[in-house]
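Structural description and commentary
Given next are the chains, with one letter for each unit.
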Amino acid sequence: MSALNARQTADALPYPALAHEIEVLLRDPGVVVPPRTVQALAGGGSFFVMPAADARVAITKLITFIPDNATRGLSTIQGDIVVFDAVTGERTALLDGPTVTARRTAAVSLLAARRLAPRTDGPLLIVGAGVQGRAHLEAFHQGLGVQEVWVASRSIASAEALVQHAHSLGLRAQRVVDADAALADCPLVVSCTSAQGIALRAHPRTDAFVAAVGAFTPRMVEWAPGVCRWMATQGQLVVDTRDADHEAGDLLQAGLDVSALPTLADVVRDPAAHRRSGPVFFKS
């Protein structure tokens, strides 16, 4: 059995190749992904059990999400991905859960941007400078060629650290104080906050692509309900998977019928049927 640490897991999952493989899997009717199980924990966190299988492998992601772990000096997301041979049932690999979570999420946003973004040249606005902010910065740089990034975060230190990371990759980067104001200048937007309250209240550009990552329970929210309703009338809403029907806090709190929205798999399988003008809001 191969047991990969965080660095080895990341090296095995380069963003452009990962986005491509995700697209291949979305086209494969033999891939089975049941609804994930989310168990509330006594301390306010969540425990996720996320299985999937095809003809070759069966996998399960087992992770915990503890929102206040930063106060303990611990990672917000912890856990593992266990891989089994679908024919023999043998366990074949153990991957680092937080690394897979970060890279899979950013690669899905990258795939969605490739398929749906009206323009991909940037600047890219990242709202929330944690693990997902860093992952999306790297994914959009490697996969779209983005060369300029703006970072907004409640934590000045986190924002400056992400700006410095962008500089180390050769990107132009700056910290911005007002994320709402920055929307006017950024056709690419990623929101990946802790989603404990509304972070964005202004309308994105009419040629914007938004990847809304942070809110993954009905109670969480990043975008104001009015903005989500405006996006629904002026542009296009697409969800990651059907799990969004009961988890997409931004859209549910806006009173939108999430079950009627296309998934990324729908877009990949029949892009012509889901091509619309105006801004795109992709709910991860």
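Residues numbered from 1 in each chain as written. Predicted model: local features only at pLDDT ≥ 70, side-chain atom pairs only at ≥ 80, totals over all residues. Heavy atoms only, no water.

**Observations concerning the pattern of salt bridges**
- By the definition in use, this model includes 14 salt bridges.
- Asp240 is the salt-bridge partner of Arg104, the closest N and O atoms lying 3.0 Å from each other. Here Arg104, found in helix 3 (residues 97-116), pairs with Asp240, found in the loop between strand 14 (236-239) and helix 8 (244-247); they are 136 residues apart in sequence, far enough to count as distant.
- Given the relative accessible area of 11%, Asp240 is considered buried.
- A salt bridge links Arg205 to Asp207, with the shortest nitrogen-to-oxygen separation between them at 2.8 Å. (Salt bridge = Lys/Arg side-chain N within 4 Å of Asp/Glu carboxyl O. Helix = DSSP H or I, 4+ residues; strand = E, 2+ residues; numbered from the N terminus. Buried < 20%, exposed > 50% of the residue type's maximum accessible area, 1.4 Å probe, protein only.)

**What about the environment of Gln253?**
- Mapped onto the fold, Gln253 is located in helix 9 (residues 249-253).
- As a C-alpha pair, Gln253 and Cys228 span 25 residues in sequence and 9.3 Å in three-dimensional space.
- When residues no more than four places from it in sequence are discounted, the contact partners of Gln253 are Pro218, Arg219, Met220, Val221 and Pro225. (Contact = heavy atoms within 4.5 Å.)

**Observations regarding unusual backbone geometry**
- The omega angle of the peptide bond from Gly122 to Pro123 is 5 degrees, so this bond is cis rather than trans.
- Relative to the helices and strands, Pro123 resides in the loop between helix 3 and strand 7 (124-127).

**Remarks on the side chain of Ser109**
- Mapped onto the secondary structure, Ser109 falls in helix 3.
- Reaching out from Ser109, the side chain makes a polar contact with the side chain of His136 at a distance of 2.8 Å.
- Ignoring sequence-local partners within four residues, the contact set of Ser109 consists of His136, Phe140, Phe209, Ala211, Val213 and Phe282. (Polar contact = N/O pair within 3.5 Å; in protein donor to acceptor, adjacent residues only side chain to side chain.)

**Here's the deal with the sheet that holds strand 6 (residues 91-96)**
- In space, the six strands of this open sheet follow the order 1-6-5-4-3-2, with mixed pairing throughout. Pairing within the sheet leaves two strands with one partner each, and these edge strands are strand 1 (2-3) and strand 2 (37-40).
- Pairing of strand 1 with strand 6 involves two bridges; the strand directions are parallel. Bridging from a neighbouring strand, Ala3 pairs with Leu94 of strand 6. (Pairing = 2+ DSSP bridges.)

So yeah, pure geometry; function would need other evidence.
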